[in-house]
Amino acid sequence: MTAAPITIEPMQAKYNPQVGRLLVHGFRGKFQKLTSMNDDDLALFFEKMFEHYPTEPGSQRMVALQDGEVIGTISIKWKPESDVKQKQELPSWKSFNRLGKWNLLKMLIGLSLLDHKPQAGECYIADIVVHQDHRSKGIGKLLFQWAQHFVQTEPHLDVLSLHVVGSNPRAKHLYELLSFQTHLQKNSLVRHLLFNESKWDYMVLKLK
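So, how was this worked out
Residues numbered from 1 in each chain as written. Predicted model: local features only at pLDDT ≥ 70, side-chain atom pairs only at ≥ 80, totals over all residues. Heavy atoms only, no water. Helix = DSSP H or I, 4+ residues; strand = E, 2+ residues; numbered from the N terminus. Rg over C-alpha atoms; globule rule 2.2 N^0.38 Å. Buried < 20%, exposed > 50% of the residue type's maximum accessible area, 1.4 Å probe, protein only. Contact = heavy atoms within 4.5 Å. Areas by Shrake-Rupley, 256 points an atom, 1.4 Å probe, with all protein chains shown as cover. Lys, Arg positive; Asp, Glu negative; His and termini not counted. Charge placed at Lys NZ, Arg CZ, Asp CG, Glu CD. Patch = residues over 30% accessible without salt bridge, like charges linked within 9 Å, V, L, I, M, F, W, Y side chains within 5 Å. Salt bridge = Lys/Arg side-chain N within 4 Å of Asp/Glu carboxyl O. Phe/Tyr/Trp six-rings, centres within 6.5 Å; stacked < 30°, edge-to-face > 60°. Lys NZ or Arg CZ within 6 Å of the ring centre and 35° of its normal. Pairing = 2+ DSSP bridges.

- For the protein, an unreviewed UniProt entry supplies the name Acetyltransferases and the organism Paenibacillus uliginis N3/975.

**Section: the overall build of the protein**
Turning to step 1, where the next piece is worked out: When helices and strands are counted, the protein shows 6 helices and 7 strands.
Turning to step 2, where the next piece is worked out: Reading the protein from its N terminus to its C terminus gives the helix and strand order β-α-α-β-β-α-β-α-β-α-β-α-β.
Turning to step 3, where the next piece is worked out: Relative to its length of 208 residues, the protein is compact, with a C-alpha radius of gyration of 17 Å against a globular reference of 17 Å.
Turning to step 4, where the next piece is worked out: Principal-axis analysis of the C-alpha atoms gives the protein an extent of 45 × 45 × 40 Å.
Turning to step 5, where the next piece is worked out: Counting every position in the protein, which comprises 208 residues, the buried fraction comes to 43%.
Turning to step 6, where the next piece is worked out: Counting contacts in the protein only where the partners sit at least 6 residues apart, residues at least 24 apart contribute 72% of the total.
Turning to step 7, where the next piece is worked out: A total of about 12,100 Å² of accessible surface is found on the protein, and carbon and sulfur atoms cover 51% of it.
Turning to step 8, where the next piece is worked out: Of note, the protein has its 26 positive side-chain charges centred 5 Å away from the centre of its 21 negative side-chain charges.

**A short note on a nonpolar patch on the surface**
Turning to step 1, where the next piece is worked out: Residues Trp102, Leu105, Ile109, Leu113 and Val190 make up a contiguous nonpolar surface patch of roughly 460 Å² in combined accessible area.
Turning to step 2, where the next piece is worked out: In terms of residue count, the dominant contributor to the nonpolar patch is helix H3 (residues 101-114) (4 residues).
Turning to step 3, where the next piece is worked out: Exposure remark for leucine 105: the relative accessible area of 38% places this residue in the partly exposed category.

**A word on the pattern of salt bridges**
Pairs may arise between side chains of opposite charge once their charged atoms sit close together.
Turning to step 1, where the next piece is worked out: Applying the stated criterion across every chain, the model contains 7 salt bridges.
Turning to step 2, where the next piece is worked out: Arginine 61 is paired through a salt bridge with aspartate 127; the nearest N and O atoms lie 2.7 Å apart. Of this pair, arginine 61 sits in strand S2 (residues 59-66) while aspartate 127 sits in strand S4 (residues 122-130), placing them 66 residues apart in sequence. Aspartate 127 carries the same exposure label as arginine 61, and that label is buried.
Turning to step 3, where the next piece is worked out: One salt bridge connects aspartate 115 with lysine 77, and the closest N-O pair in it is separated by 2.5 Å.

**Remarks on the packing of aromatic side chains**
Turning to step 1, where the next piece is worked out: What the rule picks out here adds up to 8 aromatic pairs.
Turning to step 2, where the next piece is worked out: With a centroid separation of 5.9 Å and an interplanar angle of 65°, the aromatic rings of phenylalanine 144 and phenylalanine 180 are classed as edge-to-face. Highlighted residues: phenylalanine 144 in helix H4 (residues 139-153) and phenylalanine 180 in the loop between helix H5 (169-177) and strand S6 (181-187), separated in sequence by 36 residues.
Turning to step 3, where the next piece is worked out: Ring geometry for tryptophan 146 versus phenylalanine 150: centroids 5.5 Å apart, planes at 25°, classification stacked. Residue tryptophan 146 and its partner phenylalanine 150 are located together in helix H4, separated by 4 residues, close to a single helical turn. Per residue, the accessibility class of tryptophan 146 equals that of phenylalanine 150, and both read buried.
Turning to step 4, where the next piece is worked out: A cation over an aromatic ring shows up here: lysine 186 above the ring of tyrosine 202, its NZ or CZ 5.7 Å from the ring centre.
Turning to step 5, where the next piece is worked out: Arginine 191 extends its terminal NZ or CZ atom over the ring of tryptophan 200, reaching a point 4.6 Å from the ring centre.

**Observations regarding the pairing of S2**
Turning to step 1, where the next piece is worked out: The buried fraction of S2 is high, at 6 of 8 residues.
Turning to step 2, where the next piece is worked out: Here 4 bridges tie strand S1 (residues 7-10) to S2, and the two strands are oriented antiparallel to one another. Pairing of proline 10 across the sheet is with methionine 62, part of S2.
Turning to step 3, where the next piece is worked out: With antiparallel pairing between neighbouring strands as the criterion, S2 and strand S3 (residues 69-78) make up a hairpin whose turn holds 2 residues, including aspartate 67 at a positive phi of roughly 55°.

Below, the structure written as structure tokens:
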């Protein structure tokens, strides 16, 4: 039986629950020290964040779909050519009542510490996750190829970048196979305290 084709499409609101759960499974290790939320509540947190923080100028999330199911996702961001900023309003606490204010506060602080501000010409991969049942099938490579094509077709972008934790040499090796090079190694006490990850490698792929 021939497998259904895989397509890479822009994120839509209907995919929020699936992508939220995908992020939990992909990054549970990072958040397990930061919060006491279970997987269901953590997935709900991401789902609500998608609802309250729609895509900003200078960012894009894509999903890999097969038979209507989200089997992978990638989020990129870059420095917009215009400095006009959209006003962001904090979400209503009521939307996150089930999660608890302390858990929400810790997650927002944690995400802000993981936030990277791209420089001019840089396209930063904020996250990339493939569903655990679909790994080693080339889906991650498809998502990377989409990101590379995006950079190559945008005249003001010439570099693709990402961070990888020091405790994940397998991922770093994969990025090296994709021609990423370590540009900077960072050691962060704050990130160690929050995420139990002190070493972070900043990797770059020059495309032009």
